[in-house]
Amino acid sequence: MIKIFPTDKVKELDQYTIQNEPISSIDLVERASTVFVHEFCRRYSKQTRIIVFAGQGNNGADALAIARLLKDECYKVETYLFNPTEHLSFDCEMNKQRILGLEKVEFTEVIADFVPPVLTDRDVVIDGLFGSGLNRPITGGFAAMVKYINQSDATVVSIDIPSGLFGENNQTNDPDSIIKASLTLTFGFPKLAFFFPENAQYVGEWKVLDIGIHPDIIDNTSTPYMMVEEEDIAEVLQPREKFSHKGTYGHALLIAGSKGKMGAALLAARSCLRSGTGLLTVHIPQRGEVIMQAAFPEAMVSFDPHPDYFTTVPEIASYSAVGIGPGLGQHLESAAALERLLQTTEKPVVLDADALNLLASNKDLLNRIPPRSILTPHPKEFDRIAGESNTMYERLKKAQAFATEHKLCVILKGTYTAICTATGNVYFNSCGNPGMATAGSGDVLTGIILGLLAQGAEPETASVAGVFLHGTAGDLAAVYRSEESMIAGDITDMLGKAFKQIK
C-alpha cells in the first residue's frame, strides 16, 4: 500500500528524514530535484525551451535546483524567481546562489513589475510557485501569473502539486487561481486531492517519485488513506489446495434480474463463478429460466414465485455469501422482500444497483443491514442514500462517515474507486480505465466481490481485491478490445488473465 498523508504531515516526514538519515535539508532538495529531472529528461526533448517559474518557499527551492540540473543536462532554460517580499526560504536562497554561479544563465529575479515571457505551444513551463503547504487561495500578482500560464498554449509540468491547489479539500479555493498542469510529478506520496474528478483539470497526469523519505516515519505515521498496488492483492490470492473440491470454495447466492433486465443477472453470475467460487445459485423470476439456463449452464437456479421480479426470499442458511441488486427492479414487493432478507441474515450481504435504490427509498432499512455488508454505489446512487454532494471530496467524507456509522464497507465507484471500511480506512484503487464506463460493468464487479466473499475472504479484503481484479481485467480488456469497444462481458472474459497477472 502507498500511504496518502495529509499535507500538514509532509513537513514532519521531511524533518524526520533530515534528522534521522541524516541529511541536510538542502541535500534533500537536491535529491528530490535530481529524481524530478531524471523523469523529466525521459519525457521531454533537449530541443524544448524550458521556462521555470519559482516561488519564495521550498517549492521554489526545488524549482531553482531543477533549473540548474536541467542546464547541466544541456536544456535551454529560462528561470524566473518571484520574490516580491524580498524574503526567501533558506533552501530557496541557497539554490538562488547556486544558479547564479552558473555561466551564461538566463535568470530573472522578479521583485516588482514584470513583463512575462511569451509562451508558445512548443514550450514547457515548470511550475514551482507554491507547494503543498498552501492553505489559502492565491491572490495578487501570483494569481495573475497563474492565469497567464493557464491562458498560454505551453505544456505545464508542476513540481509536487499544481500551484494554488490545496492538498485535500478545495471547496473554498478559487478555481481561477490554480495552475492547470499537463503533468504533476509529486514527491514521496500522492496528494489526496489527486483522486477527485473536480481536480483532474489541474493535476493532469500524475506520477509519484520516490525521494527516499525515511521508512521508519512512513511506517509509524498513521493515515486513513491508502492506494492499493498489485503486490498487495497478490498476497491475498492464495493457491488452491490440491485435494480441494467445489464445496471448498463456497456456495454463493445471487438475487438478481427482472423482466427486461436479465442481462444484469447473467453478467453478475458469470463474473461470480469466474472469480473462483465453487457453487453459485441465482435466484431469478420465473421467466428468466430459459435465459439463465441456456446462456450459463454452470449456475444453479432458484425461481421466485413471481414471473417478472423478486418477491420472495429463498432459504439462505446454506449459502456462504449473498449478493442482491443487479437488474432487480424497484417494485414494492421487491422492497418488502429486501427488507425480509436483511432481517433474515446476519452474514454480510453485497448490495448493488436496484438494491441500493430501494434502500434510498426506505432509509429505515439502513439500520437493518448486517454489519460488514458491502455497498457498491456509483456517485449518484450514494447521493440518493446520503444526500447530494457538491464535490467528490465532500462525497468521500460522507461515505467514510457512513461506513463507520453503519459498520459497513462502502465502495464508491469511479476513476479511483474508494473502498471505505467500517474502521474509517479508505483504500483507493490504482487500476482501470475509461472503457469500463459501460453498461453492466458494475454488475460484473458485484459478481467478483460476491465470489471472493463466498470463498471465505473477509468483507474488506473481498472489496479491495474485487475492485482491483475488476480494474485489472478492464485494463487487459482495453488492450485486446480498446477502451471504445469494450463491453462488460469483456471484463469478465479477462478475469482469468487478471488472476494470472496479479499472482
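Residues numbered from 1 in each chain as written. Predicted model: local features only at pLDDT ≥ 70, side-chain atom pairs only at ≥ 80, totals over all residues. Heavy atoms only, no water.

Our working definition: UniProt positions are given in the numbering used here, feature names are shortened, and annotations may be inferred rather than shown by experiment.
Under the annotation held in an unreviewed UniProt entry, the chain carries the name Bifunctional NAD(P)H-hydrate repair enzyme and is attributed to Parabacteroides gordonii MS-1 = DSM 23371. According to the UniProt record, the Subunit (unreviewed entry) comment for the chain is "Homotetramer."

1. What about the pairing of strand β13 (residues 321–324)?
On a regular strand, each side chain points to the face opposite its neighbour's, so the side chains alternate between the two faces of the sheet. Threshold: Remark: exposure states derive from per-residue accessible area (1.4 Å probe, protein chains only) relative to the maximum for the residue type, with buried under 20%, exposed over 50%, and partly exposed in between. The numbering of helices and of strands both runs from the N terminus, where a helix is a DSSP run of H or I of at least 4 residues and a strand a run of E of at least 2. A pair of strands is treated as paired once DSSP finds two or more bridges between them. Handedness of a crossover: with both strands directed away from the viewer, a clockwise path from the first strand across the helix to the second marks it as right-handed.
Burial of the side chains of β13 extends over both faces: Ala321 and Gly323 are buried on one face and Val322 and Ile324 on the other. Inspection of the sheet shows strand β10 (residues 251–255) paired to β13 by four bridges, in the parallel sense. From the neighbouring strand, Leu254 faces β13, where its bridge partner is Gly323. Examined bridge by bridge, β13 and strand β14 (residues 349–351) share three bridges and lie parallel to one another. What sits directly across from Val322, in β14, is Val349. The handedness of the β13 to β14 crossover, carried by helix α11 (residues 332–344), is right-handed.

2. Remarks on the domain arrangement of the chain
We count it as follows: In this document the domain limits rely on a domain assignment from an automatic tool or a database. Every residue pair with non-hydrogen atoms within 4.5 Å of one another is taken to be in contact. Two parts lose some accessible area (1.4 Å probe) when they are put together, and adding that loss for both gives the buried area. Counted as salt bridges are all cases of a side-chain nitrogen of Lys or Arg within 4 Å of a carboxyl oxygen of Asp or Glu. Identification of polar contacts relies on pairs of N or O atoms within 3.5 Å, with a donor-acceptor requirement for protein atoms, meaning one able to donate a hydrogen and the other able to accept it, and with residues adjacent in sequence counted only if both atoms are side-chain atoms. Note on residue classes: Ala, Val, Leu, Ile, Met, Phe, Trp, Tyr, Cys and Pro are nonpolar, Asp, Glu, Lys and Arg are charged, and everything else, Gly too, is polar.
What the domain assignment lists for the chain is domain 1 (2–223) and domain 2 (230–502). Once you take the C-alpha centre of each, domain 1 and domain 2 turn out to be 41 Å apart. Taken together, the contacts link twelve residues of domain 1 with eight residues of domain 2. Surface buried jointly by domain 1 and domain 2 totals about 890 Å² across both partners, of which 71% is contributed by carbon and sulfur atoms. Ranking the residues of domain 1 by area buried against domain 2 places Gln171, Phe195 and Phe196 at the top, with a combined share of 48%. Counting every contact that joins domain 1 to domain 2 gives zero salt bridges. Taken together, domain 1 and domain 2 are joined by four residue pairs in polar contact (both at pLDDT 80 or more). Residues belonging to the side of domain 1 that touches domain 2 are distributed by class as follows: seven nonpolar, three polar and two charged.

3. Examining the sheet that holds β13
Stated precisely, the cut-off is as follows: Note on geometry: axes are lines fitted to C-alpha atoms, helical ones only across the stretch in contact, with angles between N-to-C directions running from 0 to 180 degrees.
With mixed pairing, eleven strands are arranged side by side in an open sheet as β1-β9-β18-β17-β16-β15-β14-β13-β10-β11-β12. Two strands lie at the open edges of the sheet, namely β1 (2–3) and β12 (300–304), each paired on one side alone. Both β10 and strand β11 (residues 279–285) contribute to a ladder of five bridges, which runs parallel. Following the sheet pairing, Ile255 is matched in β11 by His283. Contacts from α11 reach β10, β13 and β14, with the element oriented near 160° to β13. The sheet contacts of helix α16 (residues 459–481) involve β15 (374–375), β16 (409–412), β17 (418–420) and β18 (426–428), and relative to β16 the element is tilted by about 15°.

4. Regarding the sheet that holds strand β7 (residues 183–187)
On the basis of which strands lie adjacent, the open sheet formed by seven strands has the order β4-β3-β2-β5-β6-β7-β8 and parallel pairing. Two strands close off the open sheet at either side, each with one partner strand: β4 (106–110) and β8 (205–209). Strand after strand, the sheet turns through a mean of 15° between neighbouring axes, direction not considered. Judged from the six bridges that link them, strand β2 (residues 49–54) and strand β5 (residues 123–128) form a sheet pairing that is parallel. Bridge pairing in β5 links Phe53 to Asp127. Of the strands in this sheet, β2, β5, β6 (155–159), β7 and β8 are in contact with helix α2 (residues 25–43), which crosses β8 at around 135°. Each of β3 (76–82) and β4 is contacted by helix α4 (residues 90–100), which is oriented at about 145° to β4, the strand it contacts most.

5. Considering the environment of Thr415
Relative to the helices and strands, Thr415 is located in the loop between β16 and β17. On the basis of relative accessible area, Thr415 is assigned to the exposed category, the value being 68%.

6. With respect to the packing of aromatic side chains
Basically, it comes down to this: Pairs were defined over the aromatic rings of Phe, Tyr and Trp, the Trp ring being its six-membered one, requiring ring centres within 6.5 Å. Orientation was assigned from the angle between planes: stacked under 30 degrees, edge-to-face over 60, tilted for the rest. Definition used: whenever NZ (Lys) or CZ (Arg) falls within 6 Å of the ring centre and also within 35 degrees of the ring normal, the charge is taken to sit over that ring.
Going through the model one piece at a time under the given rule, you end up with 17 aromatic pairs. Ring centres of Phe40 and Tyr75 lie 5.9 Å apart, and the angle between their planes is 65°; this geometry places the pair in the edge-to-face category. Residue Phe40 is found in helix α2, and its partner Tyr75 is found in the loop between α3 (58–72) and β3; the two are separated by 35 residues along the sequence. Take Phe40 and Tyr75: they sit in the same class, and that class is buried. Between the aromatic rings of Phe194 and Trp206, the centroid separation amounts to 5.5 Å while the plane-to-plane angle is 45°, which identifies the pairing as tilted. Within this pair, whereas Phe194 is found in the loop between β7 and α6 (200–203), its partner Trp206 is found in strand β8, the two being separated by twelve residues in sequence. Accessibility classification places Phe194 together with Trp206 in one group, the buried group. One aromatic cluster is present, built from ring pairs that chain together Phe53, Tyr80, Phe82, Phe114, Phe130 and Phe142. Directly above the ring of Tyr480 sits Lys497, whose terminal nitrogen or CZ lies 5.6 Å from the centroid.

7. Examining the UniProt feature "binding site: AMP" (unreviewed entry) in the chain
Here the UniProt-annotated "binding site: AMP" (unreviewed entry) positions come out as Lys413, Gly414, Thr415, Tyr416, Thr417 and Gly442. A maximum C-alpha distance of 14.3 Å places the annotated residues, which cover 30 residues in sequence, within one compact spot. Since its relative accessible area comes to 25%, Tyr416 is described here as partly exposed. If near-sequence neighbours (up to four positions away) are discounted, Tyr416 is found in contact with Phe194, Phe195, Trp206, Phe428 and Asn429. By secondary structure assignment, the location of Gly442 is in helix α15 (residues 441–454). With sequence-adjacent residues up to four places away left out, Gly442 is seen in contact with Asp352 and Lys413.

8. Structural notes on the nonpolar core
The condition that has to hold: Side-chain atoms within 4.5 Å are what join buried Ala, Val, Leu, Ile, Met, Phe, Trp, Tyr and Cys residues into a set we call a nonpolar core.
Residues Ile233, Leu254, Leu280, Val282, Met292, Phe296 and Leu469 are the most contacted members of the largest nonpolar core, which totals 56 residues. Contributions of two or more residues to this core are made by β10, α9 (262–274), β11, β16, α15, α16, α17 (488–493) and α18 (495–502). With ten residues, α16 is the single largest residue contributor to this core. Judged by nonpolar contacts, the second largest core, of 54 residues, contains Leu165, Phe194, Leu366 and Met392.

9. Looking at the pattern of salt bridges
Within this structure, the stated rule accounts for 24 salt bridges. In this structure, Arg49 engages Glu78 in a salt bridge whose closest nitrogen and oxygen atoms are separated by 2.8 Å. Taken as a pair, Arg49 in strand β2 and Glu78 in strand β3 lie far apart in primary sequence, 29 residues in all. Looking at Arg49, the relative accessible area reads 19%, which means it is buried.

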